[in-house]
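# Breakdown of the fold
Chain residues, written in single-letter form:
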Amino acid sequence: MPVISITEQTRLFLLSCGMGFLLGILYEIFRLLRMMFSAKKKSIFIFDIVYSLLATFVSFVFILTANRGNVRWYIIFGIAAGWIIYYFALGGIAVKFSRFITGCVKKMIKFFVKILTSPFKLIKKLFINISDKLVKTAKKGLSLIHI
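Residues numbered from 1 in each chain as written. Predicted model: local features only at pLDDT ≥ 70, side-chain atom pairs only at ≥ 80, totals over all residues. Heavy atoms only, no water.

## Here's the deal with the overall build of the protein
- In terms of regular secondary structure, the protein is built from 3 helices and 0 strands.
- Taking 15 Å as the expected radius of gyration for a compact globule of 147 residues, we find that the protein reaches 30 Å, considerably beyond that expectation.
- Over its C-alpha atoms, taken along the principal directions, the protein stretches across nearly 110 × 25 × 20 Å.
- Out of the 147 residues in the protein, the part that is buried amounts to 24%.
- For the protein, the proportion of contacts with a sequence separation of at least 24, taken over those separated by at least 6, is 80%.
- When the accessible surface of the protein is totalled, it reaches about 11300 Å², and 77% of it is carbon and sulfur. (Helix = DSSP H or I, 4+ residues; strand = E, 2+ residues; numbered from the N terminus. Rg over C-alpha atoms; globule rule 2.2 N^0.38 Å. Buried < 20%, exposed > 50% of the residue type's maximum accessible area, 1.4 Å probe, protein only. Contact = heavy atoms within 4.5 Å. Areas by Shrake-Rupley, 256 points an atom, 1.4 Å probe, with all protein chains shown as cover.)

This is the structure:
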């Protein structure tokens, strides 16, 4: 194996910290999607598996490109450290932001659903009024026949 200088190792470590930080951001995107679509245990499990596979693939490609496929412990440690730094430094803020975004999106969806369904509600109300009048007229007609 070729000998890598300290400056190159430092550069790779810092790059891997950045990669871990980016993987933390990717985790937040998955968390946001999970919050928007479903909070069931089964869907959380599936989202976590997909994230893990994607993070593994991205880390693999990173190691291939950054260090010609030579796996070094400091690279793996750097990726983990970058992810942990992101999670504890910005993770709480990101969760609050995700909840805010999720709430806004849900309100927008409710608003558009209300706009799209309002003509149908008016039509339903019209048909109910017409059917009520027909029923009343039919009852009057039946009551006249029985007399």
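## Side note on the environment of Phe 13
- Tracing the chain through its elements places Phe 13 in helix α1 (residues 6-37).
- Residues Phe 13 and Ile 75 lie 62 residues apart in sequence; the distance between their C-alpha atoms is 5.4 Å.
- Every residue in contact with Phe 13, bar those within four places of it in the chain, is listed here: Tyr 74, Phe 77 and Gly 78.

## Side note on the packing of α1 against helix α2 (residues 41-67)
- Put simply, α1 and α2 touch, their axes get as near as 10 Å, and they point 160° apart. Regarding the angle of α1 to α2, the classification is roughly antiparallel. In the packing of α1 onto α2, the handedness of the crossing is right-handed. Side by side, α1 and α2 meet where Arg 11, Leu 12, Leu 15, Ser 16, Met 19, Leu 23, Gly 24, Leu 26, Tyr 27, Phe 30, Leu 33 and Arg 34 of the first sit next to Ile 44, Phe 47, Asp 48, Val 50, Tyr 51, Leu 54, Ala 55, Val 58, Ser 59, Phe 62, Ala 66 and Asn 67 of the second.
- Split into classes, the residues belonging to the contact of α1 with α2 amount to 17 nonpolar, 4 polar and 3 charged. (Axes fitted to C-alpha atoms, helices over the stretch in contact; angles between N-to-C directions. Parallel < 35°, antiparallel > 145°, perpendicular 65-115°, else oblique. Left-handed = near helix turned anticlockwise from the far one by under 90°. Nonpolar A, V, L, I, M, F, W, Y, C, P; charged D, E, K, R; others polar.)

## Examining a nonpolar patch on the surface
- Taken together, the side chains of Phe 120, Ile 123, Leu 126, Phe 127, Ile 130 and Leu 134 define a hydrophobic patch exposed on the protein surface, amounting to about 640 Å² of accessible area.
- Given a relative accessible area of 55%, Phe 127 falls into the exposed group. (Patch = residues over 30% accessible without salt bridge, like charges linked within 9 Å, V, L, I, M, F, W, Y side chains within 5 Å. Salt bridge = Lys/Arg side-chain N within 4 Å of Asp/Glu carboxyl O.)

## Structural notes on unusual backbone geometry
- Of note, the phi angle at Arg 68 is positive, near 50°, even though the residue is not glycine.
- Relative to the helices and strands, Arg 68 resides in the loop between α2 and α3 (73-146).
- For Arg 68, a relative accessible area of 63% gives the class exposed.

## A few points about the nonpolar core
- Core analysis: the biggest nonpolar cluster contains 15 residues, and Leu 23, Tyr 51, Phe 62, Ile 75 and Ile 79 have the highest contact counts within it.
- Taken together, the elements giving at least two residues each to this core come down to α1, α2 and α3.
- Per-element tally for this core: the top contributor is α1, with 6 residues.
- Contacts of Phe 62, omitting those with residues within four sequence positions, involve Leu 15, Ser 16, Met 19, Asn 67, Ile 75 and Ile 79. (Core = buried A, V, L, I, M, F, W, Y, C linked by side-chain atoms within 4.5 Å.)

## Re α2
- Helix length check: α2 (27 residues) gives 38 Å between terminal C-alpha atoms against 39 Å at 1.5 Å per residue, within 8%.
- When we look at burial in α2, the residues that qualify are Ser 43, Tyr 51, Ala 55, Ser 59, Phe 62, Ile 63, Ala 66 and Asn 67. (Expected span 1.5 Å × (residues − 1).)

## A short note on the pattern of salt bridges
- Under the criterion given, the structure shown has 3 salt bridges.
- Residue Glu 8 is joined to Arg 11 by a salt bridge in which the shortest nitrogen-to-oxygen separation is 2.8 Å. With a gap of 3 residues between them, Glu 8 and Arg 11 both fall in helix α1, about one helical turn apart.
- Take Glu 8: its relative accessible area is 26%, and that puts it in the partly exposed class.
- Using a relative accessible area of 39% as the deciding quantity, one classes Arg 11 as partly exposed.
- When the shortest N-O distance is used, the salt bridge between Arg 31 and Glu 28 registers 2.7 Å. With a gap of 3 residues between them, Arg 31 and Glu 28 both fall in helix α1, about one helical turn apart.

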